Amino acid sequence: MSNRTIDALPISVRNVTKTYGPVHALNDVSLEVRSGEFLTLLGPSGSGKTTLLMVLAGFTRPDCGSLKFGDREVIRTPPHLRDVGMTFQSYALFPHMTVAGNVAYPLKLRKVPKAEITERVEAALETVQLGGFGDRRIDQLSGGQRQRVAVARAIVFEPRILLMDEPLSALDKKLRDQMQIELRHLHEKLGMTTVYVTHDQREALTMSDRIAVVNHGRIMQLATPRDLYDRPANRFVADFIGESTFFPVSRSGSDILFDGSPLLYDVPPPDTKNLMLMVRPERVILSPEGPREGTNNFTARATDVVYQGDSFLLHAALASGAGQIVLRGAMRGANVMTLPNVGDALTLSLAPEDTVLIDGSDK
């Protein structure tokens with residue numbers, strides 16, 4: 001890699017549709033990716049996220065719509081002319097080539113002089129912490145090292161856009177967690193506009209500037225990780241990002257009622273007939289001394305207490321019969337001493353800022 005700053009490009013997707021027979025893989029998708037941003041496409045299998053990435057790469061031609069890199073329309077531009085680097089889920093490395101040969105391949109295609117190729121390959125390998133590995137064979141590398149080679153090959157020609165298709169899915173959890181941080185730091189160093197595909201919500205929360213949650217070929221919500229987690233647009237997003245319990249609520253004039261009482265909340269509820277209360281387990285407070293003033297308080301009975309090492313899960317049935325509520329807490333000394341037993345009567349509290357009302361639809 002050279003020392004120059006990469007002039008990253010914004011991406012503009014407008015009204016892109018792709019069908020396969022009666023199935024809409026992409027359904028009128030519009031999306032703006034900022035210059036130098038790390039944006040993740042997150043969704044379940046078959047949601048359309050990989051199809052959208054393939055449209056960006058040029059491997060899939062949409063039925064209609066516009067795609068611009070900067071001011072340039074590229075919807076009909078072939079992949080090799082888009083100035084895009086890409087890493088694949090399988091890494092797609094050439095087993096008959098050395099590490100250096102794999103990384104050099106994009107430069108040879110671009111007819112870069114041999115002396116410059118050697119210099120840029122060495123710099124790219126240093127960037128991904130594989131300096132000195134150029135002569136190794138691919139079969140001599142670990143999974144994490146192969147993943148780094150794939151990244152080095154994608155960035156060696158200094159593309160202005162980097163596309164990544166679930167590059168960490170083949171790694172074990174510990175290495176995957178480590179590589180998430182490494183890729184995030186690499187992005188901060190290089191400044192390329194990066195679009196990253198994953199089905200792992202924790203991975204998306206860890207790495208992204210913003211996340212686009214995709215389902216049924218549509219973007220359900222586009223937001224920062226914190227906004228997505230704290231203020232999901234609908235039940236699908238809330239259910240896909242983190243753990244939640246959902247309860248139907250009702251309106252009475254200007255009040256929102258749950259469990260027979262008006263709720264205290266900070267953010268006004270959405271204008272929908274299908275309104276629900278979303279409860280994140282880590283936001284629920286166990287109140288051994290009874291109801292807390294200025295919060296939403298619920299009477300319940302413990303039905304299960306699960307020890308999980310650094311934390312515990314408490315399941316409780318609401319006294320009103322509205323359902324089960326779940327609380328997650330850290331296993332600190334005070335908590336260990338006050339953990340309830342199954343069958344104990346409880347008071348659970350939820351602060352107004354943690355009382356989130358959402359559209360109960362999943363579409």
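See the structure shown above.
Residues numbered from 1 in each chain as written. Predicted model: local features only at pLDDT ≥ 70, side-chain atom pairs only at ≥ 80, totals over all residues. Heavy atoms only, no water.

**Some points on the sheet that holds strand β9 (residues 210-215)**
- Taken together, six strands build an open sheet; the order of strands is β6-β7-β8-β3-β9-β10 and the sheet is mixed. Edge strands, defined here as strands with exactly one partner in the open sheet, are β6 (84-87) and β10 (218-223). Strand-to-strand twist across the sheet, computed as the mean angle between neighbouring axes with direction ignored, equals 20 degrees.
- Examined bridge by bridge, strand β7 (residues 161-165) and strand β8 (residues 193-198) share five bridges and lie parallel to one another. By the bridge assignment for β8, Leu 162 is matched with Thr 194.
- Sitting on the sheet, helix α1 (residues 49-57) touches β3 (38-42), β6, β7, β8 and β9, and the angle it makes with β7 is about 145 degrees. (Pairing = 2+ DSSP bridges. Helix = DSSP H or I, 4+ residues; strand = E, 2+ residues; numbered from the N terminus. Axes fitted to C-alpha atoms, helices over the stretch in contact; angles between N-to-C directions. Contact = heavy atoms within 4.5 Å.)

**Some points on the sheet that holds strand β2 (residues 23-33)**
- Strand order across the open sheet formed by four strands is β2-β1-β4-β5, with antiparallel pairing between neighbours. Strands with a single pairing partner mark the edges of an open sheet, and in this sheet they are β2 and β5 (72-73).
- As paired elements, strand β1 (residues 11-20) and strand β4 (residues 64-69) share five bridges and run antiparallel to each other. Bridge pairing links Ile 11 to Phe 69 in β4.

**Here's the deal with helix α4 (residues 143-155)**
- Taking 1.5 Å of rise per residue, 13 residues should cover 18 Å, and α4 covers 19 Å from first to last C-alpha, within 8% of that figure.
- In terms of residue burial, α4 counts as a mostly covered element, since 11 of its 13 residues are buried.
- Every buried residue of α4 is accounted for by Gly 144, Gln 145, Gln 147, Arg 148, Val 149, Ala 150, Val 151, Ala 152, Arg 153, Ala 154 and Ile 155.
- Its buried side turned inward, α4 meets β6, α2 (99-109), α3 (114-127), β7 and α5 (173-190). (Expected span 1.5 Å × (residues − 1). Buried < 20%, exposed > 50% of the residue type's maximum accessible area, 1.4 Å probe, protein only.)

**Description of the environment of Gly 43**
- Here Gly 43 is to be found in the loop between β3 and α1.
- Under the relative-accessibility criterion, Gly 43 is labelled buried at 0%.
- Between the C-alpha atom of Gly 43 and that of Pro 78, which follows or precedes it by 35 residues, the distance is 27 Å.

**Examining the pairing of β9**
- Across the six residues of β9, six count as buried, placing the element largely inside the fold.
- Where burial is concerned, the two faces of β9 agree: the one with Arg 210, Ala 212 and Val 214 and the one with Ile 211, Val 213 and Asn 215 are both buried.
- Pairing analysis gives five bridges linking β9 to β10, with the strands arranged antiparallel. From the neighbouring strand, Val 213 faces β10, where its bridge partner is Gln 221.
- In this antiparallel pair of consecutive strands, β9 and β10, the connection spans two residues, and His 216 shows a positive phi of 50 degrees.

**Some words on the packing of aromatic side chains**
- Here the structure, examined in full by the defined rule, presents six aromatic pairs.
- Here Phe 94 and Tyr 105 contribute two aromatic rings whose centre-to-centre distance is 4.9 Å and whose plane-to-plane angle is 65 degrees, an arrangement assigned as edge-to-face. Residue Phe 94 is found in the loop between β6 and α2, and its partner Tyr 105 is found in helix α2; the two are separated by 11 residues along the sequence.
- The exposure class of Tyr 105 is partly exposed, given its relative accessible area of 32%.
- Here Phe 247 and Phe 258 contribute two aromatic rings whose centre-to-centre distance is 5.1 Å and whose plane-to-plane angle is 45 degrees, an arrangement assigned as tilted. Of the two residues, Phe 247 sits in strand β11 (residues 245-248) while Phe 258 sits in strand β13 (residues 255-258), which places them 11 residues apart along the sequence. As far as burial versus exposure is concerned, Phe 247 and Phe 258 are alike and both buried.
- Within the aromatic cluster, the residues linked to one another by ring pairs are Phe 247, Phe 258 and Phe 298.
- Here Arg 153 stacks its cationic end above the ring of Phe 94, 5.5 Å away from the centre of that ring.
- A cation over an aromatic ring shows up here: Arg 280 above the ring of Tyr 229, its NZ or CZ 4.0 Å from the ring centre. (Phe/Tyr/Trp six-rings, centres within 6.5 Å; stacked < 30°, edge-to-face > 60°. Lys NZ or Arg CZ within 6 Å of the ring centre and 35° of its normal.)

**Observations concerning the pattern of salt bridges**
- Applying the stated criterion across every chain, the model contains 16 salt bridges.
- Asp 63 is the partner of Lys 18 in a salt bridge, and the nearest nitrogen-oxygen pair spans 3.9 Å. With Lys 18 in strand β1 and Asp 63 in the loop between α1 and β4, this pair connects stretches of sequence that are 45 residues apart.
- Here Lys 18 falls in the buried class, since its relative accessible area comes to 13%.
- Residue Glu 182 is joined to Arg 148 by a salt bridge in which the shortest nitrogen-to-oxygen separation is 2.8 Å. With a gap of 34 residues between them, Glu 182 in helix α5 and Arg 148 in helix α4 connect regions that are remote in the sequence. (Salt bridge = Lys/Arg side-chain N within 4 Å of Asp/Glu carboxyl O.)

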